[in-house]
There are 2 protein chains.
Amino acid sequence: MTVVNGAAGITTLPYVAWAEPQDERQIVVSTRLRLARNLTGKSFPNRLSDAEAEQLGQEMARALPENENWQLLRLDELLERERGVLLEKHLLSRDILQHTCGRLLAVNAAQTLAIMLNEEDHLRIQAILPGLQPEAAWRELSALDDKLAEKLDFAYDGRLGYLTSCPSNLGTGLRASVMLHLPGLQLLGKLDGIFRQLAQAGFTVRGVYGEGSESRGGLFQISNQVTLGCSEEEIISRLKQLVEEIITQEQQARTWLKANRRDWLEDKIGRAVGVLVGAHLLTGKEAMEQISWVRLGLSMGLCRKIDWRELNLLMLSVQTPFLQTTAGRELAPQERDALRAKIARQYVSQ
Amino acid sequence: MTVVNGAAGITTLPYVAWAEPQDERQIVVSTRLRLARNLTGKSFPNRLSDAEAEQLGQEMARALPENENWQLLRLDELLERERGVLLEKHLLSRDILQHTCGRLLAVNAAQTLAIMLNEEDHLRIQAILPGLQPEAAWRELSALDDKLAEKLDFAYDGRLGYLTSCPSNLGTGLRASVMLHLPGLQLLGKLDGIFRQLAQAGFTVRGVYGEGSESRGGLFQISNQVTLGCSEEEIISRLKQLVEEIITQEQQARTWLKANRRDWLEDKIGRAVGVLVGAHLLTGKEAMEQISWVRLGLSMGLCRKIDWRELNLLMLSVQTPFLQTTAGRELAPQERDALRAKIARQYVSQ
């Protein structure tokens, strides 16, 4: 186990496991599962003093299974932009950033597993994989959970299940999320209806950065709302089924657009490539919008070949924390827009 | 002398003499001089019957000097899109299109000389050259005028000069025009002031298509308003002097923009190239705007090398009459936008 700072790559390079393309459609970007766990007889993190949090954090870090080559990061030693990078990679939550003392993040070498220590709960254990792979992610996550349970005493109630800081996580403590790219349904104005149906089925839709965040670039996160009264396998299989239905609808929307709005679609996609190749100033919002068109074009065979992995990494690289990490300093908005455009040109011109 | 229809190239190919680039700045696109002449003892064209116009037209056509290989077009035999092409090439005026019977257009092989017969006046004799060449254009025009005067009896009054249908052309009958590309001054909002000064000096500013037409793509036509009470040489030298002053101001504007708004400028220019390469639907207005940015970028060394001649020809080729001539039929607006984008891609991707 190594305690490292941002220099080791995890907070600097735009690599993430979920950037590896899973299929040619790329409607599902990634699957992310996380478990909330707490230790018996310990106050929840928000009730801990800094010293207690520090001590408990170290104690839990020592319980990390030996088989993974963990990188352990102290949140209070990270620069703001480094924390931002971890947020963009979905290895960190916004919540943990509110109080960084004694807060730790452990990430395995493949960046598929992450454990936040002393976030809202004592442990937030996460598995993230590219594409739609909830079962595989669950196998990895469940194995890690078992290993941790060998050394740590998780607070568990026979009737309520795992006890959590917030009642919304009670029971399984499982939040299963899938990030989808749904430009077709968005263009046809069909998302509202789908999201209503999802809500009725107990699933929520959020923007890329979790609760309260707006959608950018046609990306949406769907996750279970209910963690209590059903098994982990039931949650996962229900989510998978719903996502597969949405994929079918998104494909139908794209087929309709290709058949009925082809010129318009090719225009939007061609211009998006043109802007990414030609712009010298790009806001984050526009970058995500143009990348969304290019994703759509690529998946529909309506634009020249651009590597999927490169495009996924570009989505990360144009985010402010990455730009500032690339520059090695904080950047003013106009500087960010200029660097963002430069990076987009490099990625897309290749 | 040959009477030809559109198939011979003059109404189909986007070639024009003024597309040949004169210098690297390309602030002045072209210089155009025209003389209004009328025959003694004949009614002005708007008072002629169709039969009289027909007869007079043929009579004047026989007086065309033998040294040029004229192409003679009967306006009533041209398709609307062919007339449109001649209009875009500035070989024809809108006025002559109002009544086409007995109206003729003679163009030399180089397309530098054009004579409209039975337009507002019996003869409208024109010389058009690329860049700022008023003296050279005047030499060509004056020589042609002399040759015509050997065979035709021009109405001339010792006090008023050449008699014309409209009093605004009395005297020299000379209209000297220069087409300028002034995006720098336009961006800095300095055109209104310059145009007011020009008006005080007796010069008018018009859009690309003469009186009443709006500017497109940063292109402006400056011409003398006064044809009476001064010599042709005075009109030409005054125009040249004013244009040279405007060129200096435009260059200063560009220098200022490059020094103070470089990122913004490169962004606009880079995006314009991107849109011309990537768009699949382009309105005429947007095409001219984007081409204007590319012209500016090219002249300032702020975009990749695109051939000046190609860019000038593109300006013509994206105009509706050319699109319809290329397609060989009338096109609906959406069809035009699609073909315009296709042609822009071909020109700029090269």
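Residues numbered from 1 in each chain as written. Chains lettered and ligands numbered in written order. Predicted model: local features only at pLDDT ≥ 70, side-chain atom pairs only at ≥ 80, totals over all residues. Heavy atoms only, no water.

*Asks:* Where do I start with the overall build of chain A in this structure?
*Replies:* Broken down by element type, chain A carries 11 helices and 11 strands. Its C-alpha atoms give chain A a radius of gyration of 21 Å, near enough to 20 Å, the size a compact globule of 350 residues would have. Its C-alpha atoms give chain A principal-axis dimensions of about 65 × 45 × 30 Å. The buried share among the 350 residues of chain A stands at 58%. Long-range contacts, defined as pairs at least 24 residues apart, comprise 73% of the intrachain contacts of chain A with a sequence gap of at least 6. Summed over its atoms, the accessible surface of chain A is roughly 14,500 Å², and 47% of this surface lies on carbon and sulfur atoms. Mean positive and mean negative side-chain charge positions of chain A (41 and 44 charges, respectively) differ by 5 Å. (Helix = DSSP H or I, 4+ residues; strand = E, 2+ residues; numbered from the N terminus. Rg over C-alpha atoms; globule rule 2.2 N^0.38 Å. Buried < 20%, exposed > 50% of the residue type's maximum accessible area, 1.4 Å probe, protein only. Contact = heavy atoms within 4.5 Å. Areas by Shrake-Rupley, 256 points an atom, 1.4 Å probe, with all protein chains shown as cover. Lys, Arg positive; Asp, Glu negative; His and termini not counted. Charge placed at Lys NZ, Arg CZ, Asp CG, Glu CD.)

*Asks:* What's the story with the relation of the copies chain B and chain A in this structure? I'm lost.
*Replies:* Two chain copies here: they are related by a rotation about an axis and a translation along the same axis. Superposing chain B onto chain A takes a rotation of 180° combined with a translation of 0.0 Å along the rotation axis, leaving an RMSD of 0.0 Å. What the rotation and shift describe, once combined, is the action of a two-fold rotation axis. In terms of C-alpha distance to the rotation axis, chain B has Gly 274 of chain B as its closest residue, with the C-alpha 1.8 Å off the axis. Taken as a fraction of all interface residues of chain B, those also at the interface in chain A reach 100%, which identifies the copy contact as same-surface. (Least-squares fit on C-alpha atoms with pLDDT ≥ 70 in both.)

*Asks:* Looking at this structure, how should I read helix H10 (residues 320-327) of chain B?
*Replies:* Since the α-helix turns once every 3.6 residues, residues separated by three or four places project in the same direction. Residues and elements named next belong to chain B. For H10, the complete set of buried residues consists of Pro 321, Phe 322, Leu 323, Gln 324 and Thr 325. For H10, the secondary structure elements touched by its buried residues are helix H2 (80-88), helix H9 (308-317) and helix H11 (333-349). Remark: Gly 328 follows H10 within two positions and exhibits a positive phi of approximately 75°.

*Asks:* In this structure, what is going on with the interface of chain B and chain A? I would like to understand it.
*Replies:* When the parts come together, some accessible area is lost, and that loss is often what is quoted as the size of the interface. Chain B puts 16 residues into the contact, and the matching count from chain A is 16 residues. Here chain B packs against chain A, burying approximately 1,200 Å² in sum over the two surfaces, 53% of which is carbon and sulfur. For the pair chain B and chain A, the number of links is 2 salt bridges. With a closest N to O distance of 2.7 Å, Arg 271 of chain A and Glu 286 of chain B form a salt bridge. For the pair chain B and chain A, the interface holds 8 residue pairs in polar contact (both at pLDDT 80 or more). Secondary-structure elements contributing two or more residues to the side of chain B that touches chain A are helix H7 (262-278) and H11 of chain B. (Buried area = accessible area lost by both parts, 1.4 Å probe. Salt bridge = Lys/Arg side-chain N within 4 Å of Asp/Glu carboxyl O. Polar contact = N/O pair within 3.5 Å; in protein donor to acceptor, adjacent residues only side chain to side chain.)

*Asks:* Honestly, the side chain of Asn 224 of chain A in this entry has me stumped. Any pointers?
*Replies:* Residue and element names in this part refer to chain A. Among the structural elements, Asn 224 can be located in strand E11 (residues 219-224). Among the polar contacts made by the side chain of Asn 224, one reaches the main-chain carbonyl oxygen of Leu 174 at a distance of 2.9 Å. Polar side-chain contacts of Asn 224 include one of 3.0 Å to the backbone oxygen of Val 226. Ignoring sequence-local partners within four residues, the contact set of Asn 224 consists of Leu 174, Arg 175, Ala 176, Gly 202, Phe 203 and Ile 235.

*Asks:* In this structure, what is going on with the environment of Val 28 of chain A? I would like to understand it.
*Replies:* Residues and elements named next belong to chain A. Within the fold, Val 28 resides in strand E2 (residues 28-37). For the pair Val 28 and Ile 247, spaced 219 residues apart in sequence, the C-alpha to C-alpha distance is 8.0 Å. Setting aside its immediate chain neighbours within four residues, Val 28 contacts Gly 131, Leu 132, Val 178, Met 179, Leu 180, Val 243 and Ile 247.

*Asks:* Help me understand the packing of aromatic side chains in this model?
*Replies:* When we look at a pair of aromatic rings, we describe it by the centre distance and by the angle of the planes. Residue and element names in this part refer to chain A. Enumeration according to the criterion identifies 6 aromatic pairs over all chains in this entry. Between the aromatic rings of Tyr 156 and Tyr 162, the centroid separation amounts to 4.8 Å while the plane-to-plane angle is 70°, which identifies the pairing as edge-to-face. For Tyr 156, a relative accessible area of 52% puts it in the exposed group. Assessed through its relative accessible area of 19%, Tyr 162 is described here as buried. The ring of Tyr 162 has Arg 37 sitting right over it, with the charged end atom 3.4 Å from the ring centre. (Phe/Tyr/Trp six-rings, centres within 6.5 Å; stacked < 30°, edge-to-face > 60°. Lys NZ or Arg CZ within 6 Å of the ring centre and 35° of its normal.)

*Asks:* I would appreciate a short explanation of the confidence of the model for chain A in the present structure.
*Replies:* When pLDDT drops low, the exact placement of atoms in the prediction is not to be read closely. Residues and elements named next belong to chain A. Confidence along chain A averages 90 in pLDDT terms, with 95% of residues attaining 70 or more. Segment residues 1-7: pLDDT under 50, and 17 contacts once partners within four positions in sequence are set aside and those in other chains are kept. Overall fold confidence (pTM) sits at 0.88, and the ipTM for the predicted complex is 0.85. (pLDDT = per-residue confidence, 0-100.)

*Asks:* Looking at this structure, how should I read the pairing of strand E5 (residues 113-117) of chain B?
*Replies:* Working note: regular strand, side chains alternate between the two faces of the sheet. Residue and element names in this part refer to chain B. Taken across its 5 residues, E5 has 5 buried, putting it largely inside the fold. What you see with E5 is no split at all: Leu 113, Ile 115 and Leu 117 on one side and Ala 114 and Met 116 on the other are buried throughout. Direction of pairing for strand E4 (residues 104-107) relative to E5: antiparallel, over a ladder of 4 bridges. Note that in E5 the partner of Ala 106 across the bridge is Ile 115. Connecting the antiparallel pair E4 and E5 is a turn made up of 5 residues, with Gln 111 showing a positive phi of about 60°. Inspection of the sheet shows E5 paired to strand E6 (residues 123-130) by 5 bridges, in the antiparallel sense. (Pairing = 2+ DSSP bridges.)

*Asks:* Can you walk me through the pattern of salt bridges in this structure?
*Replies:* Proximity of charged atoms lets side chains of opposite charge pair with each other. Residue and element names in this part refer to chain A. By the definition in use, this model includes 32 salt bridges over all chains. Across the salt bridge formed by Asp 76 and Arg 74, the nearest N and O atoms sit 3.2 Å from each other. The exposure class of Asp 76 is partly exposed, given its relative accessible area of 30%. One salt bridge in this structure joins Arg 254 and Glu 250, with 2.6 Å as the shortest N-O distance. In this pair, Arg 254 and Glu 250 both sit in helix H6 (residues 232-260), 4 residues apart, roughly one turn of the helix. The exposure class of Arg 254 is buried, given its relative accessible area of 6%. One salt-bridge network, in which partners are shared between bridges, spans Glu 54, Arg 74, Asp 76 and Glu 77.

*Asks:* Would you mind going over unusual backbone geometry with me for this structure?
*Replies:* Negative phi characterises most residues that are not glycine, and trans characterises most peptide bonds. Residue and element names in this part refer to chain A. You will see that Gln 111, though not glycine, has its phi angle at about 60°, which is positive. Structurally, the position occupied by Gln 111 is in the loop between strand E4 (104-107) and strand E5 (113-117). Even without glycine at this site, Asn 118 takes up a positive phi of about 65°. Mapping Asn 118 onto the fold places it in the loop between E5 and strand E6 (123-130).

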